[in-house]
Amino acid sequence: METVTTDVAIIGAGGAGLRAAIALAQAAPSLRIALISKVYPMRSHTCAAEGGAAGVIKPDDSLEQHFEDTVGGGDWLSDQDAVDLFIREAPKELIQLEHWGCPWSREADGSVAVRPFGGMKKQRTWFAADKSGFHILHTLFQTSLQFASIQRFDEYYATDLLVDEGRCVGLVAIEMRSGQMRRFDARAVIVAGGGAGRMFPFTTNGAVKTGDGMALAYRAGVPLKDMEFVQYHPTGLPSTGTLLTEACRGEGGVLLNKDGRRFLQDYGMGPETPLGKPELKTMELGPRDRVSQAFWQEQKKGRMVATKWGECMLLDMRHLGEKKIDERLPLVRDMSISYMGVDPVKEPVPVRPVVHYMMGGIHTDINAATPLPGLFAAGECACVSINGANRLGSNSLTELLVFGRRAAQSAIEYVAQGGHPANGGALADAAQARLRELMQRTGGTETVAGLRKEMMQTMEEHAGIYRSGEGLAAACAKLAELRGRYTHIELHDKTNVYNTDLLQALELGSMLECAEAVVQSALARRESRGAHQRVDFTARDDAKYLRHSLAHYQGSQAPRVAYCDVVITRSKPGVRDYSGGHA
Amino acid sequence: MAEKVNHKPYARAVTSEWIFRHPRYVRYMVREFSCLFIGGWTLLMVWGLKQLAAGPDAWAAFLELLRSPASIVFHVLALAFAAYHSVTWFNLTPKALPLQRGEAFVPDAAIAGAHFGVWAALSLAMLYLAGAF
Amino acid sequence: MSERAIELEVLRYNPETDSAPRFQRYAIACPEEWVVLDALNHVKESVDPTLSYRWSCHMAVCGSCGMMINGEPKLACKAFLRDYDGVIRVEPLAHFPVERDLVTVIDDFMAKLARVRPYLMPKDAKAIEAGEYRQTPAELARFKRYSMCINCMLCYAACPEYALIPKYIGPAAIALAHRWNQDSRDGGREARQAEIAATEGAWECSFVGACSEVCPEHVDPAGAIQQVKIRSTVDWYTRHLMPWLKK
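Residues numbered from 1 in each chain as written. Chains lettered and ligands numbered in written order. Predicted model: local features only at pLDDT ≥ 70, side-chain atom pairs only at ≥ 80, totals over all residues. Heavy atoms only, no water.

Chemist: How should I be thinking about the interface of chain A and chain C in this particular structure?
Modeler: Note: interface size is frequently given as the accessible area lost on complex formation between the parts. Listed per partner, the contact involves 66 residues of chain A and 65 residues of chain C. Here chain A meets chain C over a buried area of about 5,400 Å², counting both sides, of which 56% is carbon and sulfur. Interface area lost by chain A to chain C is led by Arg43(A), His99(A) and Tyr339(A), which between them contribute 13%. Here Asp493(A) makes a salt bridge to Arg100(C), at a shortest N to O gap of 2.8 Å. The tally of links from chain A across to chain C stands at 37 residue pairs in polar contact (both at pLDDT 80 or more). Elements represented by at least two residues in the side of chain A that touches chain C include exactly α3 (80–99), α4 (132–144), β7 (150–154), α9 (330–340), α12 (448–462) and α14 (500–524) of chain A. The element that contributes the greatest number of residues to the side of chain A that touches chain C is α4(A), accounting for 6 residues. Residue classes in the side of chain A that touches chain C are distributed as 26 nonpolar, 22 polar and 18 charged. (Contact = heavy atoms within 4.5 Å. Buried area = accessible area lost by both parts, 1.4 Å probe. Salt bridge = Lys/Arg side-chain N within 4 Å of Asp/Glu carboxyl O. Polar contact = N/O pair within 3.5 Å; in protein donor to acceptor, adjacent residues only side chain to side chain. Helix = DSSP H or I, 4+ residues; strand = E, 2+ residues; numbered from the N terminus. Nonpolar A, V, L, I, M, F, W, Y, C, P; charged D, E, K, R; others polar.)

Below, the structure is given as structure tokens:
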């Protein structure tokens, strides 16, 4: 097997992966960097993020308030030392991006502008119109092009990490264009492979979000932390699932039920604020978990609007006016017209909550290091945790930058320690053999599409916004069954060049493993907290569950769920209060 | 998995059929084709100057030539192509000369319109000098 | 939900089994509001899992799904079935070699993108502690539209110059260089001139304008290229007629 020898291998070239690569190239120019991604970097899902990235910059804001908003927003499951570090580094990272040319939207005097965002008491979300993620990704990608030490491996799908003598020593990946497996010997590996929202049928996530990075670490023995916390973004288009940014509400858009009532006030987020004058941290600027849960409750009462794509609420932005919409929400307008046939300037847009983000992921410490020496992780695939049980909008883009850089720093320190050369050869050969077996398998009874559909249905039905013990148990059984049936998949396409039947089969494998971690962790957590809501355990139980869940891979068996403590420093768990009148 | 699989990209041939793939390419070729008529007309003018220098008989013969049916047809076509070229060219100038006023840009119609305006003014001036009125 | 019966005629090519591309027809029933990408996904899921193509975001921002649809370069996620009659022909993006089915080899484009040095070369150094560079909304507007390129390469598929002269750097690469040139924080215009003011740069463009017509983000690369030409020409005259102006 052809082998590439490098110093640091980065799996995933989205915001976190690119930030890590740049940090490595700048801080340690003599290190060889292999930036490996299953898609070209510009295709990474960072490009779809719209609203912005949070960082304290205005004089009326403070680091302490960003800390409080984040910890409270996370329902106190965030590690407070990590949040402290995050909020402190946030402004520096955002300014660094600006210094690299990111086209942040501006105030009249030329300083960076900020906009209101959900769950935040002050305005601190830096934005680039409503394509912030796109501009951040392209700024990072273009900046990375100036460093000769970054060698890119575009359209390489990583299948396995190589672990030797208790250390991560590299990975194997399939070169999509030839179907050949390539071994990468590395002294450190950073995983930045993104989330796994595609395990659900309705999601803002693009095709790439199949949890491969999470599964890689998981199978190598690193636990997946807090997987049960899956974020629903309240305003997705019902036809495609794609995202209408939270900034719609930040700029003043409101959510209505079928009677035209701003129903959020009935769910602890009132009193109703004046139209077009949103107040931070209340009503439509409440946190995502509460808003999505309010939808679900209101829908059960039969007060949602029936559309041909199911029941929806209405996002009304007419009062913002055409000028403001074209200036600050042009992509939103374009998408509503194209995919829904609705012009937000003239009519309210039907929307519904859709799966958007995974708070959980690869267990790391505040330095982006996993328990496996030599393996680091950053971005949505990782769980530090700063987001706890529910992420505030615009914290994630900043998270990519802060922890992308930290992962690089940690990798540099780790590599500097030196160490004896490792041999991942045997593992690489085993991975190759497994792949061959899948490619050549005959007499299979299952298809990729068939199993995938069943997985999605199970997740939608039993692991949605509200869950029950019964439903989760059924989901656990179903996913165990699906994982078993997965070994009987036969590929229709057994050729080598750009085989996407194979790619989708491998991605399905990753999703099944992540999905099982989600439902097993959800079943084990017998409380309601943040984005994890149980109808059979409706209260938050700090005594038993103010802890992170850790799902440990057990091969074909179901994962073992253990717990570890949350780092609580100065913010004691309190009540999340999103009612108004807090000025 | 085969050990010696090489990917073998296929390069699709480019033929001149591209001109007819979409009306925009036909329009482009017509615009470019206009240079033949404009070039031809220029050569005719140079020829006319030469005949003018050669004396009254040569000049009269040249004017006869200009009045011939073939010449009329040529001139009509040349005028049409030149006008087409000018119109398409003026309509494209806003792309090459964006004028920014604060955050906004001067509308394309204004920039193109200014070109048409100058063209009209110059044309009227030429006609006046030529004694048309 | 009303459905439509549609027929797709899709280019197939597998180098291991085909010596040249061929076409394959798929007849399926689709909801009316679907786009071509939805139809392709349906084919792959329910009819023919061997069909290979690139896609991801389904919202025209990742740039993956560029294809020729009835001979026009389009994003498959924004090609609405309702806009087509009869058999819909789906081919890989023109002017790029075909890797497999609808997947093209885009190495040439990636190389050209890197060649134009598409990153900030700051005019003035500034420490992070000193905060952001000031940039007014007017200064942002000067380059904003050229920063919207999603690298979908529809412009390369539309450009006859790129088809006939493969060395041509192409619309998106030049537009991206122009984006940085126009950024008030940048001082790298001269450094980029070597690539974009070369023969294979802006001067290969004959202003067909097809690139701007097909661009899904209205970047207007044609405009960017003409502006580069004008600027380069002024540069040339200044340098030769008024050499004392060069600092």
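Chemist: What am I meant to see in the sheet that holds strand β2 (residues 22–31) of chain C here?
Modeler: Residue and element names in this part refer to chain C. With respect to topology, 5 strands assemble into an open sheet ordered β2-β1-β5-β3-β4, the strand pairing being mixed. Edge strands, defined here as strands with exactly one partner in the open sheet, are β2 and β4 (72–75). With direction set aside, neighbouring strand axes in the sheet form an average angle of 35 degrees. Inspection of the sheet shows strand β1 (residues 3–12) paired to β2 by 10 bridges, in the antiparallel sense. Note that in β2 the partner of Ile6 across the bridge is Ile28. The sheet contacts of helix α1 (residues 36–46) involve β1, β2, β3 (66–69) and β5 (88–92), and relative to β2 the element is tilted by about 105 degrees. (Pairing = 2+ DSSP bridges. Axes fitted to C-alpha atoms, helices over the stretch in contact; angles between N-to-C directions.)

Chemist: I'm lost on the packing of helix α6 (residues 171–182) of chain C against helix α9 (residues 221–241) of chain C in this one. Help?
Modeler: Any two packed helices are characterised by how steeply their axes cross, that is the angle between the axes, and by the distance between the axes. Residue and element names in this part refer to chain C. Remark: α6 packs on α9, axes separated minimally by 8 Å, with the N-to-C direction vectors making an angle of 65 degrees. Once α6 is placed against α9, the crossing between them reads as left-handed. Together, Pro171, Ile174, Ala175, His178 and Gln182 of α6 and Pro221, Ala224, Ile225, Gln227 and Val228 of α9 make up the contact between the two elements. Classifying every residue of the contact of α6 with α9 gives 7 nonpolar, 3 polar and no charged. (Left-handed = near helix turned anticlockwise from the far one by under 90°.)

Chemist: What should I look at first to understand the sheet that holds strand β2 (residues 8–11) of chain A in this one?
Modeler: What holds strands together in a sheet is hydrogen bonding between their backbones, with the strands either parallel or antiparallel. Residue and element names in this part refer to chain A. Strand order in the open sheet formed by 5 strands is β7-β3-β2-β11-β19, and the pairing between neighbours is parallel. Each edge of the open sheet carries a strand with a single partner, namely β7 and β19 (375–377). Across the sheet, the mean angle separating the axes of adjacent strands is 20 degrees when strand polarity is ignored. Contacts from helix α1 (residues 15–27) reach β2, β3 (33–37), β7 and β11 (188–191), with the element oriented near 170 degrees to β3.

Geometric values such as these leave the question of function open.
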